[in-house]
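Single-letter residue listing:
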Amino acid sequence: MLIDTHCHLTDNYVSGDLDAVIARAADAGVTKIICPTADPADISRAVQIANTHDNIWATIGIHPEYHGTDAAKFLTRDVLTNPRVVGVGEIGLDYHECGGDTRDAQIKLFTQQLAIAHEYDLPVAIHTRDAERDTLDILQGECRGVMHCFTSSWDMAREMLNRGFYFSASGILTFKNAADVRETFAKIPTDRLVVETDSPFCAPVPYRGKQCEPFMVTETARVLADIHGLTLEQFAPILEQNTYNLYPRMRGDLQFAKHNVK
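Given the structure is predicted, the values throughout are model-derived calculations rather than measurements.

What counts and what doesn't
Residues numbered from 1 in each chain as written. Predicted model: local features only at pLDDT ≥ 70, side-chain atom pairs only at ≥ 80, totals over all residues. Heavy atoms only, no water. Buried < 20%, exposed > 50% of the residue type's maximum accessible area, 1.4 Å probe, protein only. Helix = DSSP H or I, 4+ residues; strand = E, 2+ residues; numbered from the N terminus. Contact = heavy atoms within 4.5 Å. Salt bridge = Lys/Arg side-chain N within 4 Å of Asp/Glu carboxyl O. Pairing = 2+ DSSP bridges. Axes fitted to C-alpha atoms, helices over the stretch in contact; angles between N-to-C directions. Phe/Tyr/Trp six-rings, centres within 6.5 Å; stacked < 30°, edge-to-face > 60°. pLDDT = per-residue confidence, 0-100. Parallel < 35°, antiparallel > 145°, perpendicular 65-115°, else oblique. Nonpolar A, V, L, I, M, F, W, Y, C, P; charged D, E, K, R; others polar. Polar contact = N/O pair within 3.5 Å; in protein donor to acceptor, adjacent residues only side chain to side chain. Disulfide = S-S within 2.5 Å.

Engineer: Any chance you could break down helix 8 (residues 217-227) for me, citing the residues and the numbers?
Structural biologist: Restricting attention to buried positions, one finds in helix 8 the residues Val-217, Thr-218, Glu-219, Thr-220, Ala-221, Leu-224 and Ala-225. Lining the buried residues of helix 8 we find strand 1 (2-4), strand 2 (30-36), strand 7 (166-169), helix 7 (179-187), strand 8 (193-195) and helix 9 (232-246). One or two residues past the end of helix 8 sits Gly-229, with phi positive at roughly 70°.

Set out below in structure tokens:
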């Protein structure tokens, strides 16, 4: 069994086809999915999906693209105390896509969401691109979580390992030109690894160039297992346990969770 720890089920590619997407994933052995948010407008939909599917959970957050947003209007108590919401994400900094001129606004949104995650004792899913130093400086406070779709340097990985973070491999790990990413993941202990598709983005080889879906996470998991000298069958239970350690709410009683959503 595999868990896709970061799959955007609220995106248009799923529109009207969610059951089929879930079925294709299950056929490939991907039996659990975590749906993050990036756009605050997607939060209610992500929660609704998680509330109505026993094998789907959500992380709720606002991507740095939406800098200037007041996160407190969207990351509310009702949302964050929902047992199907297992973390805050994706949140972070992106000076590549959003531009360095938005740095102050991005940092304000990021730190606000980190404070909210701390208040509710929830792990965070961190997006960082061309912003290593600021990300490291900001994450010096009390927080735990995962570096989502990690492609940054080994120096950053080593620092975040020391702070107890996990690292999520996406389809980028399988790309021919991603040798440096594979080298970094080879150095990360197996008990700190999880996998994701980041669907609909970053489809792994042999699906590169196609729209990514959660069933494809098996290819990323297979490459990551090989990097660590393991078979997929040996590695899958390690990834599963790591995901539960990262997101403890997933270990809860699902029926209890469904019937106690406010």
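Engineer: An account of the pattern of salt bridges is needed here, citing residue identities and associated values.
Structural biologist: Under the counting rule described, the total for this entry stands at ten salt bridges. Among the ionic pairs, Arg-24 bridges to Asp-17, the shortest N-O distance being 3.1 Å. What makes Asp-17 partly exposed here is its relative accessible area of 28%. Taking the shortest distance from any N to any O, the salt bridge between Arg-144 and Asp-121 comes out at 3.0 Å. With a gap of 23 residues between them, Arg-144 in the loop between helix 5 (132-138) and strand 6 (145-147) and Asp-121 in the loop between helix 4 (103-119) and strand 5 (124-129) connect regions that are remote in the sequence. With a relative accessible area of 32%, Arg-144 lands in the partly exposed category. Under the relative-accessibility criterion, Asp-121 is labelled exposed at 54%.

Engineer: Which residues make up the sheet that holds strand 4 (residues 85-94), and what values go with them?
Structural biologist: Spatially, the eight strands line up as an open sheet ordered 1-2-3-4-5-6-7-8, and their pairing is parallel. Looking at which strands have only one partner, the edges of the open sheet turn out to be strand 1 and strand 8. Taking the axes of each pair of neighbouring strands and ignoring which way they run, one obtains an average angle of 30° across the sheet. As judged from the six bridges shared by strand 4 and strand 5, these two strands associate in the parallel manner. Within the sheet, the bridge partner assigned to Leu-93 lies in strand 5 and is Thr-128. Against the sheet, helix 4 engages strand 4 and strand 5, with an angle of about 160° to strand 4. Relative to the sheet, helix 6 (residues 154-162) contacts strand 5, strand 6 and strand 7, its axis offset from that of strand 7 by approximately 135°.

Engineer: Quick one: what's the story with the packing of aromatic side chains, residue by residue and with numbers?
Structural biologist: Counting across every chain of the model gives three aromatic pairs. Measuring from centroid to centroid gives 5.1 Å for Phe-150 and Phe-167, while their planes differ by 75°, and the two rings are edge-to-face. With Phe-150 in the loop between strand 6 and helix 6 and Phe-167 in strand 7, this residue pair connects regions lying 17 residues apart in the sequence. The two residues Phe-150 and Phe-167 agree in class, both being buried. Between Tyr-207 and Phe-215 the ring centres are 5.4 Å apart and the planes differ by 85°, which places this aromatic pair in the edge-to-face class.

Engineer: Pulling in residues and values, what's your account of the confidence of the model for the protein?
Structural biologist: With 96% of its residues at a pLDDT of 70 or more, the protein shows a mean pLDDT of 94. Below a pLDDT of 50 lies the segment residues 253-262, which in the model reaches 14 contacts outside its immediate sequence neighbourhood of four places, other chains included.

Engineer: So what about the packing of helix 8 against helix 9? Which residues, and what values?
Structural biologist: Contact geometry of helix 8 with helix 9 gives a least axis separation of 9 Å together with a crossing angle of 105°. Classified by the angle their axes make, helix 8 and helix 9 are roughly perpendicular. Each of Thr-218, Ala-221, Arg-222, Leu-224 and Ala-225 in helix 8 lies in contact with helix 9, whose residues at this interface are Leu-232, Phe-235 and Leu-239. Among the residues forming the contact of helix 8 with helix 9, the class breakdown is six nonpolar, one polar and one charged.

Engineer: So what's going on with the side chain of His-6? Residues and values would help.
Structural biologist: Looking at where His-6 falls in the secondary structure, it is placed in the loop between strand 1 and helix 1 (18-27). In this structure the side chain of His-6 is engaged in a polar contact, spanning 3.1 Å, whose partner is the side chain of Glu-90. Apart from the residues within four sequence positions on either side, His-6 is in contact with Ile-34, Pro-36, Glu-90, His-148, Glu-196, Thr-197, Asp-198 and Ser-199.

Engineer: Give me the lowdown on the state of the cysteines, citing residues and values where you can.
Structural biologist: Tallied over the full model, the rule gives zero disulfides. Counting only cysteine sulfurs, Cys-149 is the nearest neighbor of Cys-98, a cysteine outside any disulfide, at a range of 15 Å. Distance from the sulfur of Cys-143, which forms no disulfide, to the nearest cysteine sulfur (Cys-149) is 19 Å.

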